[in-house]
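A closer look at the structure
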Amino acid sequence: MKCVPCLLFVIPAALALFAAASGLISPASAQTFSSSYTSTAPKDCRSIGKPRDPDGGTTQVCPGKSGLVVVISEDDLRQTVSIGPTPAAAAKEPAAETWFAPFNSTANTVEWRAVDGKPFAIIQRWLIADNDDLDKSGTPTNKPVLAVTRLPPGPVCHVAYIDGQANRNANEVARQAADEFARDFKCGKDDVKVVGEKGAAVNLAKH
């Protein structure tokens, strides 16, 4: 007489082995994605160099993850953010030369997206001034956009933009974009992707 419980155990196991051998189970499914956070608030960073005249531009170095530092440079009310093992290395990355045309600033929290504990991208919220949308005092309103930036090994550059107003779940969309695109993104060859619903913020970022 055949053992029915035994068959119930053997059949799923055999199907699992067949699926793995046939490539139906992706190796990525076994990876563990996670997020951790660091601060770029002035109190947590240090200034390097001298303020640049006449606009008083500054460069801040902030602690990151896995031996990396976050370098934020501000010039003429516009910021750039780059990552590297040292400030000098970060300054040579494509991200250090990537800025948005309107006035802008970054939030003080950096989300580090990691797989199996190793960071491969950061997500950071930017506020970009919309000169076509003024408040009652005539000041441009700020539009939020999340930027996904890939990390070493390989160049550091923007990978994707997510409109922080048009997408209710913008943080989750940004994490999915990082997980899907960041590691294989080719800086200088691939176009920065706009992911999720589009709004004024991503239009400002892309221009």
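Conventions we followed
- Residues numbered from 1 in each chain as written.
- Predicted model: local features only at pLDDT ≥ 70, side-chain atom pairs only at ≥ 80, totals over all residues.
- Heavy atoms only, no water.
- Helix = DSSP H or I, 4+ residues; strand = E, 2+ residues; numbered from the N terminus.
- Contact = heavy atoms within 4.5 Å.
- Salt bridge = Lys/Arg side-chain N within 4 Å of Asp/Glu carboxyl O.
- Buried < 20%, exposed > 50% of the residue type's maximum accessible area, 1.4 Å probe, protein only.
- Pairing = 2+ DSSP bridges.
- 1 Å grid on protein atoms, 1.4 Å probe; cavity = no way out; pocket = protein on both sides within 12 Å on 5 of 7 lines; lining within 4 Å.
- Points joined across faces, edges and corners; volume = space filled by probe spheres on them.
- Nonpolar A, V, L, I, M, F, W, Y, C, P; charged D, E, K, R; others polar.

Now for the environment of Val173. Positionally, Val173 belongs in helix H3 (residues 170-181). Along the primary structure Val173 and Glu197 are separated by 24 residues, whereas in three dimensions their C-alpha atoms are 9.8 Å apart. If near-sequence neighbours (up to four positions away) are discounted, Val173 is found in contact with Ile162, Val195 and Gly196.

To continue, consider the pattern of salt bridges. Using the criterion set out here, one finds seven salt bridges in the structure. A salt bridge links Lys43 to Asp44, with the nearest nitrogen and oxygen atoms 3.2 Å apart. Among the ionic pairs, Arg78 bridges to Asp76, the shortest N-O distance being 2.8 Å. Take Asp76: its relative accessible area is 43%, and that puts it in the partly exposed class.

On to the sheet that holds strand E1 (residues 33-39), then. In space, the six strands of this open sheet follow the order E1-E6-E7-E8-E9-E10, with mixed pairing throughout. Only two strands of the sheet have a single partner each, and these edge strands are E1 and strand E10 (193-194). Taken together, the seven bridges between E1 and strand E6 (residues 104-115) define a ladder with antiparallel strand orientation. Each residue of the ladder has a partner; that of Tyr37, found in E6, is Glu111.

Moving on to empty space enclosed by the protein. Taken as a whole and judged by the stated rule, the model has one cavity of 30 Å³ or more. The volume enclosed by the largest cavity comes to roughly 30 Å³. Every residue lining the largest cavity is listed: Val81, Ile122, Gln124, Trp126, Ala147, Thr149 and His158. Those elements that provide at least two residues to the lining of the largest cavity are strand E7 (118-134) and strand E8 (140-150). Sorting elements by how many residues they give to the lining of the largest cavity places E7 first, with three residues. The residue inventory of the lining of the largest cavity, partitioned by class, reads four nonpolar, three polar and no charged.

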